[in-house]
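Residue-level structure breakdown
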Amino acid sequence: MKTLVILNPVAAGGKALEKKDKIEAKLKENKIDYRLHISKSSDDIIEVTKKNLNNGFSNFVGVGGDGTIHYIANALAGTDKNLGVIPTGSGNDIARNLNIPSDIGKCCQIIKKAATKKIDLGLINNKYYYLCVAGSGFDSEVNDLANNTKLPFKGPFKYKYSVYKTLITFKSKKFFIRYNNQKKEDFGMMIAITNLHSYGGGMKIAPDSNPTDGLFDVCIIKIMSKMHFIKIFPKVYKGKHVSDSSVELFRTSNIEVDSSHKFSIFADGEYICKLPAVFKIVPGAINFITA
């Protein structure tokens, strides 16, 4: 079974590239028939994946973070190919959600066995797939800051810094939501449309989200004071925020979202587009290599 390994050299500030020799040693140790490609950009990740769909490769393995996996998934969605990961990024929420270890040797053993699980994908505007969480509002502002901060913060601490920094000037806006023949209009901070339960380096925004149930778990954070937000924010790392009266959760297979402010949408930590947008779940759209 041939495996194309796509390494993102800029993941985790270049630390993924530093692990190249160890990764190759473990791949060879496990007698995995592989070819390594070092990506040049997000477009290159998609292009090289698509180019090799008919070149005898069964497995496409991303070495990097959630963004790397996001772009490979967009090229593999709806095919019979398998998606795997050796998590070397900052957040690694996709791997964490799917119980993929951070240990390189153990990851290579999982790739060697190539046991797969069909999981759902989210689809935005019938064009952009995602695996984990799509968000708009406060969290998209946080994502934008986290992705562009020049401070040497990594992983969960980078997101925590970005949350509190964004909170200083953020103002809630009106959201317009349609789903299951219902309409909602309400002021809120953000909306997260989830396929997996955590993002941002371990924030369990929708703790019961299941990537095989054919449904999104949608989390709306309603308007609240900044002091209230500061009080409940730490609870999100254990999924305990959901008991707060300002948090609403529901399930749906499709949803339309707009806002009085043209917020960005980020999915798997990557910028997608601006609101408005239509989100659909695509059941069993990808084969993921799991333990």
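For the structure given in this document, a descriptive report is provided here. Since we're looking at a predicted model, the values are computed, not measured.

Across its full length, the chain carries nine helices and 15 strands. In terms of C-alpha radius of gyration, the chain reaches 19 Å, essentially the compact-globule figure of 19 Å for 291 residues. Principal-axis analysis of the C-alpha atoms gives the chain an extent of 55 × 40 × 30 Å. Sequence-distant contacts, at least 24 apart, represent 71% of the contacts inside the chain between residues at least 6 apart. Roughly 13100 Å² of accessible area belongs to the chain as shown, and the carbon and sulfur atoms make up 50% of that amount. Taking the 42 positively charged and 27 negatively charged side chains of the chain as two groups, their mean positions are separated by 3 Å.

With that settled, the discussion passes to the pairing of strand β9 (residues 182–194). In the sheet, strand β7 (residues 133–137) pairs with β9 via five bridges, with the strands oriented antiparallel. Bridge pairing in β9 places Ser136 opposite Ile191. In the sheet, strand β8 (residues 173–179) pairs with β9 via seven bridges, with the strands oriented antiparallel. Following the sheet pairing, Tyr179 is matched in β9 by Gln182. The antiparallel hairpin formed by β8 and β9 contains two residues in its connecting segment, where Asn180 sits at a positive phi of about 45 degrees.

At a minimum axis distance of 9 Å, the contact between helix α2 (residues 20–29) and helix α6 (residues 104–113) shows a crossing angle of 40 degrees. Regarding the angle of α2 to α6, the classification is oblique. Crossing handedness for the pair α2 and α6: right-handed. On the side of α2, the interface is formed by Lys22, Ile23, Lys26 and Leu27, while α6 contributes Ile104, Gly105 and Cys108. Of the residues assigned to the contact of α2 with α6, the class counts are four nonpolar, one polar and two charged.

Time to look at the pattern of salt bridges. In total, this model carries ten salt bridges according to the counting rule given. The partner of Asp21 in a salt bridge is Lys20, with the nearest N and O atoms 3.8 Å apart. A salt bridge links Glu47 to Lys51, with the nearest nitrogen and oxygen atoms 3.3 Å apart. Taken together, the residues Glu47 and Lys51, both in helix α3 (residues 42–51) and four residues apart, mark about one turn of the helix. Given the relative accessible area of 57%, Lys51 is considered exposed. Residues joined in a network through salt bridges with shared partners are Lys20, Asp21 and Glu24.

Bridging between strand β4 (residues 82–87) and strand β15 (residues 277–289) involves two bridges; their strand directions are parallel. Looking at β15, one finds that Asn82 is bridged to Asn287. When strand β5 (residues 116–124) meets β15, the two strands line up antiparallel, connected through eight bridges. Across the sheet, the residue bridging to Gly122 is Ile281, located in β15.

To continue, consider α6. Listed in full, the buried residues belonging to α6 are Ile104, Gly105, Cys107, Cys108, Ile110 and Ile111. Elements that come into contact with the buried residues of α6 comprise β1 (2–7), α2, β3 (57–64), β4 and β15. Where α6 begins, the side chain of Asp103 points an oxygen toward the backbone nitrogen of Gly105, at a separation of 3.2 Å.

It is worth spelling out the environment of Ser90 at this point. Within the secondary structure layout, Ser90 lies in the loop between β4 and α5 (93–97). Spatially, the C-alpha atom of Ser90 lies 28 Å from that of Ser172, the residues being 82 residues apart in sequence.

The rules we used
- Residues numbered from 1 in each chain as written.
- Predicted model: local features only at pLDDT ≥ 70, side-chain atom pairs only at ≥ 80, totals over all residues.
- Heavy atoms only, no water.
- Helix = DSSP H or I, 4+ residues; strand = E, 2+ residues; numbered from the N terminus.
- Rg over C-alpha atoms; globule rule 2.2 N^0.38 Å.
- Contact = heavy atoms within 4.5 Å.
- Areas by Shrake-Rupley, 256 points an atom, 1.4 Å probe, with all protein chains shown as cover.
- Lys, Arg positive; Asp, Glu negative; His and termini not counted.
- Charge placed at Lys NZ, Arg CZ, Asp CG, Glu CD.
- Pairing = 2+ DSSP bridges.
- Axes fitted to C-alpha atoms, helices over the stretch in contact; angles between N-to-C directions.
- Parallel < 35°, antiparallel > 145°, perpendicular 65-115°, else oblique.
- Left-handed = near helix turned anticlockwise from the far one by under 90°.
- Nonpolar A, V, L, I, M, F, W, Y, C, P; charged D, E, K, R; others polar.
- Salt bridge = Lys/Arg side-chain N within 4 Å of Asp/Glu carboxyl O.
- Buried < 20%, exposed > 50% of the residue type's maximum accessible area, 1.4 Å probe, protein only.
- Polar contact = N/O pair within 3.5 Å; in protein donor to acceptor, adjacent residues only side chain to side chain.

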